[in-house]
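Below are the chains, spelled out letter by letter.
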Amino acid sequence: MLATHLLPLRRDWPALLERPAEPAAQLESQVKAILDHVRADGDAALSALSLKFDGFAPEQLLLSPAELAVEIDPALAAAIRLAADNIRRFHAAQHETPQPIDTMPGVRCWRKSVAIEKVGLYIPGGTAPLFSTLLMLAIPAQIAGCKEIILCTPPNKNGEIDPTIRFTAALVGATRVYKVGGAQAIAAMAYGTESIPRVDKIFGPGNQYVTMAKQLVQMEGVAIDMPAGPSEVLVIADAASNADFVAADLLSQAEHGSDSQVILVSDSPDLVDRVQISLDWQLARLPRKEMATRALSHSKAVILQNISEAMDFSNAYAPEHLILATENARELAEQVENAGSVFIGAYSCESAGDYASGTNHTLPTNGFARSYSGVSLDSFMKKITFQELSREGILNIGPAIELMAAAEQLEAHKYAVTLRLEEIRNGND
């Protein structure tokens, strides 16, 4: 059952907007020790840590082409290809054509997108082998033109990588796939080892150890996709909403992990009651019932005066996933200011975005949707600006640069312009 909060005052909202918090000090110390071990001892550290945490130390970290040439259920393979096509189509449309602009006569500026050369993808394989995340990360990397796509994913206790992950890795063109997981995999991609190359940017979800590892290597100058935390969904529903649909959407998020959070916001106490009843019977059928139950224990239902107030609450919470299950969902979508990805209407379940609609499911959590976007084609590219000044251009803009440089007491800056202007005025150019 969700804890229900009836008509809370706005001054009480901050407490309702809080995410479940884990003590970080001890975790940081443990993860830092892992990072230092890998940085100092490379592959030997990876072997020792894999044996300690996963119960298996692979003799060979790198998967062979034969290991990637795996057959899976044909129906599942077809589903993965369908999802890949939609993801590829959506992300390919994000390509931008450079648009040069003359800011004044003789001064031309433009911006060009250039692929990040070497990216590292982390794909969890513990409680759930997230081959869908591999689609979400490798496909835009491939479209962007990244030269190397390095994949790290943990083996099971038999030392094997889930066949669906291997199939997907081959499908999306991962350059190299390594049997290593946890914080040690992040360390390997951040620092490089004898087997695993150092990458320019690290992507992918993971448990609290992986998340902390990403945060720590980012402080050392290694780029990551975004700050991440436990997954979350907020559903806005009204009296006309389908309670079973809403309950299913809440549970589909709750089963991600015991630290996930789900929020139901409504102006209808009756709808909330019906959702609570539906949660009970749907939860009983889930294989991951215990995990979902723990997630529901720190989740909540919030009943507000009206849907407009519910929208204000959602924008304050800034959810990773926002489902608008109301009658006027499309109109309500225009009021969204903070959210990672938005699902509009009764049939737009979060599962569609998680797998196959085409949008990316790697999204900002923990309120970071206020300032971060989800992964996109741009995440795998850097933007380089260019400018080209003609003789006319430096004559037009030069005097203003001289004045500004002099005002900042940067004489070398000023002289770089003055020298050119004098050459032109003396007819020596």
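Structure shown above.
Since the model is a prediction, treat every value here as computed from it, not as a measurement. (Residues numbered from 1 in each chain as written. Predicted model: local features only at pLDDT ≥ 70, side-chain atom pairs only at ≥ 80, totals over all residues. Heavy atoms only, no water.)

Caption draft 1: Local environment of the packing of aromatic side chains. Within this structure, the stated rule accounts for five aromatic pairs. Judged by centre distance (4.1 Å) and plane angle (10°), the rings of Phe203 and Phe380 are stacked. A residue pair is termed long-range when its members are at least 10 positions apart, and Phe203 in strand 7 (residues 201-203) and Phe380 in the loop between helix 14 (350-355) and strand 14 (381-389) qualify at 177 residues. Residue Phe203 is classed as buried on the basis of its relative accessible area of 0%. Exposure remark for Phe380: the relative accessible area of 0% places this residue in the buried category. Between Phe368 and Tyr372, the ring centres sit 5.7 Å apart and the planes meet at 85°, which makes this aromatic pair edge-to-face. Among the residues examined, Phe368 registers a relative accessible area of 29% and is labelled partly exposed. A relative accessible area of 34% means that Tyr372 is categorised as partly exposed. It is Arg19 that lies over the ring of Tyr317; its NZ or CZ is 3.6 Å from the centre. When the ring centre of Tyr191 is taken as reference, the NZ or CZ atom of Arg39 above it lies at 4.4 Å. (Phe/Tyr/Trp six-rings, centres within 6.5 Å; stacked < 30°, edge-to-face > 60°. Helix = DSSP H or I, 4+ residues; strand = E, 2+ residues; numbered from the N terminus. Buried < 20%, exposed > 50% of the residue type's maximum accessible area, 1.4 Å probe, protein only. Lys NZ or Arg CZ within 6 Å of the ring centre and 35° of its normal.)

Caption draft 2: Structural context of the environment of Phe56. Following the sequence through the fold, Phe56 ends up in the loop between helix 2 (25-54) and helix 3 (65-68). On the basis of relative accessible area, Phe56 is assigned to the partly exposed category, the value being 24%. Along the chain, Phe56 and Leu304 lie 248 residues apart, while their C-alpha atoms are 51 Å from each other. Dropping the residues within four chain positions of it, Phe56 is found in contact with Ser50, Leu51, Pro155, Asn156, Lys157, Asn158 and Gly159. (Contact = heavy atoms within 4.5 Å.)

Caption draft 3: Just the sheet that holds strand 10 (residues 261-266), in detail. Strand order across the open sheet formed by six strands is 1-11-10-9-12-13, with parallel pairing between neighbours. The outermost strands of the open sheet, each flanked by one partner alone, are strand 1 (3-6) and strand 13 (341-344). Neighbour to neighbour, the strand axes of the sheet diverge by 15° on average, direction disregarded. In this structure, strand 9 (residues 232-237) lies alongside strand 12 (residues 321-324), joined through four bridges in parallel fashion. Among the inter-strand pairings, Leu234 is bridged to a residue of strand 12, identified as Leu322. (Pairing = 2+ DSSP bridges. Axes fitted to C-alpha atoms, helices over the stretch in contact; angles between N-to-C directions.)

Caption draft 4: The environment of Leu296, seen in detail. As for its position among the elements, Leu296 is in helix 11 (residues 289-297). Here Leu296 falls in the buried class, since its relative accessible area comes to 3%. Along the backbone, Leu296 and Leu250 are 46 residues apart, and their C-alpha atoms lie at a distance of 8.9 Å. The contact partners of Leu296, leaving out residues within four places of it in the chain, are Met1, Leu2, Leu251, Ala254, Val262 and Leu283.

That's the geometry; what it means functionally is another story.
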